[in-house]
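The chain contents come next:
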Amino acid sequence: MLDPQFLRDHPDAVRKAIRDKKAGESDLVDRALAADENRRASLTELQTIQQQLNEASKQIGPLMKEGKRDEATPLIEQTAELKDQIKTIEETAREHEEAFNSVMLEIPNIPHESVPVGMTPDDNAIVFEWGDKPSFDFEPKPHWDLAAQHNLIDFERGAKVTGAGFPFYVGKGARLQRALIQFFLDLADEAGYTEMQPPLVINEISGIGTGQIPDKEGQMYVANLDDLYLIPTAEVPVTNFHRDEILDAAELPIKYAAYTPCFRREAGSYGKDVRGLNRLHQFDKVELVRFVHPDESYDHLEHLREDAERAVQALGLPYKRLLMCTGDMGFTQTKKYDLEVWSAGQDRWLEVSSISNFEGFQARRANIRFRPEDGGKTQFVHTLNGSGLALPRIVATILENNQRADGSITIPEPLQRYTGFDVIG
RNA sequence: GGAGAGGUGGCUGAGUGGUCGAAAGCGCCGGUUUGCUAAACCGGUGAAGGGGUCAAACCCUUCCGCAGGUUCAAAUCCUGUCCUCUCCGCCA
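Note that this is a predicted model, so its numbers are computed, not measured.

> Can you break down the overall build of chain A residue by residue, with the values?
If you tally the helices and strands in chain A, you get 13 helices and 18 strands. Dimensions along the principal axes, computed over C-alpha positions, put chain A at roughly 105 × 45 × 45 Å. Out of the 425 residues belonging to chain A, those deemed buried represent 49%. Put simply, of all contacts in chain A between residues at least 6 apart along the chain, 73% involve residues at least 24 apart. When the accessible surface of chain A is totalled, it reaches about 20500 Å², and 47% of it is carbon and sulfur. For chain A, the distance from the average site of its 48 positive side-chain charges to the average site of its 70 negative ones is 3 Å.

> Could you give an account of a negative patch on the surface, naming the residues involved and the relevant values?
Residues E204, E217, D226 and D227 make up a contiguous surface patch of negative charge. Mapped onto the elements, E204 comes out in helix α8 (residues 204-210).

> Please provide a residue-by-residue account of the packing of aromatic side chains, values included.
Scanning the entire structure with this criterion turns up ten aromatic pairs. Seen in terms of ring centroids, F183 and F184 are 5.8 Å apart; in terms of plane orientation they differ by 40 degrees. Their pairing is tilted. By relative accessible area, which is 6% here, F183 ends up buried. Judged by its relative accessible area of 1%, F184 falls in the buried class.

> Quick rundown of the nonpolar core? Include the residues and the values.
The nonpolar side chains of a soluble globular protein tend to be buried with one another. Membership of the largest hydrophobic core comes to 51 residues, with the highest contact counts inside it found for L180, F184, L315, I394, L399 and L415. At nine residues, the largest contribution of residues to this core is made by helix α7 (residues 172-190). The residues touching F184, leaving out its near neighbours within four places in the chain, are V286, A311, L315, G388, L389, L391 and I394. Grouped together as the second largest cluster of nonpolar side chains are 18 residues, V29, F100, M104 and F331 included.

> Requested: an account of empty space enclosed by the protein, with residues and values cited.
Summed over all chains, the structure comprises one cavity of 30 Å³ or more. There is about 70 Å³ of room inside the largest cavity. Looking at the largest cavity, the residues that line it are F184, L187, A188, A191, Y193, L288, D307, A308, R310, A311 and G388. Mapped onto the lining of the largest cavity, the elements with two or more residues apiece are α7 and α10 (297-314). In terms of residue class, the lining of the largest cavity is made up of eight nonpolar, one polar and two charged.

> Which residues make up the sheet that holds strand β7 (residues 228-230), and what are the values?
The strand order across the open sheet built from three strands is β5-β7-β6, with neighbouring strands paired in antiparallel fashion. The two strands at the open ends of the sheet, each matched to only one other strand, are β5 (201-202) and β6 (222-223). Taken together, the two bridges between β5 and β7 define a ladder with antiparallel strand orientation. The partner of I202 across the bridge, within β7, is Y229.

> An account of α10 is requested, with residue identities and associated values reported.
Between its first and last C-alpha atoms α10 spans 26 Å; for 18 residues at 1.5 Å apiece the expected length is 26 Å, and the two agree. Looking only at α10, the buried set comprises S297, H300, L301, L304, R305, D307, A308, E309, A311 and V312. Positioned one or two residues after α10, G316 has a phi angle of 70 degrees, which is positive.

> I'd like to hear about the side chain of D36, residue by residue, with values.
In this fold, D36 is placed in helix α3 (residues 28-65). Ignoring any residue separated from it by four or fewer positions in sequence, one finds D36 in contact with R8 and F100.

> Provide a residue-level description of the layout of surface pockets, including the pertinent values.
Within this model, the second largest pocket holds a volume of roughly 400 Å³. Along its surface, the second largest pocket is lined by 17 residues, and D3, E359, G360, R364 and H382 are the ones closest to its centre. For the lining of the second largest pocket, the secondary-structure elements that each account for two or more residues are α11 (361-366) and β15 (379-380). The class makeup of the residues in the lining of the second largest pocket is eight nonpolar, five polar and four charged.

> Could you give an account of the side chain of K335, with specific residues and numbers?
Structurally, the position occupied by K335 is in strand β12 (residues 335-343). Among buried charged residues, K335 stands out as having no salt bridge; its nearest opposite-charge side chain is E302, 4.3 Å away. A distance of 2.8 Å separates the side chain of K335 from the side chain of S114, its partner in a polar contact. Aside from chain neighbours lying at most four places away, what touches K335 is H112, S114, V115, Y298, L301, E302, L323, M329, I355, S356 and N357.

> Help me get a handle on unusual backbone geometry, residues and values and all.
In this chain, L252 is followed by P253 through a cis amide linkage whose omega measures -5 degrees. In this fold, P253 is placed in the loop between β8 (245-248) and β9 (254-263). Going from G388 to L389, the amide bond is cis rather than trans, its omega being 10 degrees. Turning to its location among the elements, L389 is positioned in strand β16 (residues 382-390). A positive phi angle, near 55 degrees, is found at N151, a position not held by glycine.

Thresholds, definitions, all that
Residues numbered from 1 in each chain as written. Chains lettered and ligands numbered in written order. Predicted model: local features only at pLDDT ≥ 70, side-chain atom pairs only at ≥ 80, totals over all residues. Heavy atoms only, no water. Helix = DSSP H or I, 4+ residues; strand = E, 2+ residues; numbered from the N terminus. Buried < 20%, exposed > 50% of the residue type's maximum accessible area, 1.4 Å probe, protein only. Contact = heavy atoms within 4.5 Å. Areas by Shrake-Rupley, 256 points an atom, 1.4 Å probe, with all protein chains shown as cover. Lys, Arg positive; Asp, Glu negative; His and termini not counted. Charge placed at Lys NZ, Arg CZ, Asp CG, Glu CD. Patch = residues over 30% accessible without salt bridge, like charges linked within 9 Å, V, L, I, M, F, W, Y side chains within 5 Å. Salt bridge = Lys/Arg side-chain N within 4 Å of Asp/Glu carboxyl O. Phe/Tyr/Trp six-rings, centres within 6.5 Å; stacked < 30°, edge-to-face > 60°. Core = buried A, V, L, I, M, F, W, Y, C linked by side-chain atoms within 4.5 Å. 1 Å grid on protein atoms, 1.4 Å probe; cavity = no way out; pocket = protein on both sides within 12 Å on 5 of 7 lines; lining within 4 Å. Points joined across faces, edges and corners; volume = space filled by probe spheres on them. Nonpolar A, V, L, I, M, F, W, Y, C, P; charged D, E, K, R; others polar. Pairing = 2+ DSSP bridges. Expected span 1.5 Å × (residues − 1). Polar contact = N/O pair within 3.5 Å; in protein donor to acceptor, adjacent residues only side chain to side chain.

Shown next, in the form of structure tokens:
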């Protein structure tokens, strides 16, 4: 949710954001401004009458106490009328309030000035590349062939037991997953993050707080009986950890790292994107979340990005860093980097991390504030998060990039003390 | 799942239907005293929203888990709901 004051002061900036992000109708801003007018008008009207009622009650009090009932009676009759009025005005005030809120929820966050304007993935800027693509004197295999060859991942039985996109990891495959989780969490720990194990299901209010609801509701699995949602990312429970709280400025920045499985329905996905580990309904991820002072959030975005890149580099995986353009960025972000790792067996890049600044957008929705050092008015914190990292595509690229002619796979050196083996096959 | 108790400001914790946004304490901020620190003393200190102002001051409304209801008037009474705690049952 945007700051209503910002909308009033800079309607053109909001219009531009909606255009650049292609998020929402062109008349959104005008509808929001009109709704805001309505809302404030009915609020003022309501408050005036409430004041009259309060004053009347204040007069009645003493009269009743002194037993002057006859003097109080006309006043009481007057309040009856006021209460009628209040009831109807309250109703319209609430309608206006709701109308305003629902329009506001449709307005996307404003992109940062450093973000390239563009509509398609082609407009994303490649700002950094690291590592050399591995070269082979044989045809490198895709990870699903390698996984089958070494019996690391069982997609078929996963489909039998649950459905497509829910694989079993078996033997060294399972072990590799566990090693990666441990490795990523240790890196996060070294970078000063507090480790956290959040709930894997969340309620509706939490979904609204981070913006999954109502925007991306269809992407979540729902536990209907209890009105709970399976988390699509640890971002949701971890960010909502501080929902409705006023933090101490001295506590900032707060940094959490959480490993969780993530559940996504991925409605509408198809084609080669869904092959193997490329896109799953359930996958593991270590997520990094920061709550920071508004003045520092863009510094923290870079630090967060470095934390994610450090993990990719440690595994020796060639990658590129993209600065996402306005149209490819998402509704709630102001600035977002994607990290894409080279997949030798598929001859393509795979996204393994997405690092975003939300400024106060989530904080306002989730009501996460802090009290400034000087004791001034409370302000909304800025929230950021990034994957550090998502596992399946990392597993895929480790297998593919490190395969040898005989089909065996070497494990990146830093990971070996976690896996307990240095080669598969 | 059954029975009982309770949910009040950053925290602890009082509160008789009517000057209660709410005592007191802690914490925090400012000041006095003071070699330094601490202590002591004095004063201040909730949130959201609307109006007002160059900015303040200031004015108003709402908020005592949440949602309704009774009443001229609700933190206080009634109903529902959520959560916490204790006991019982079930159980990894």
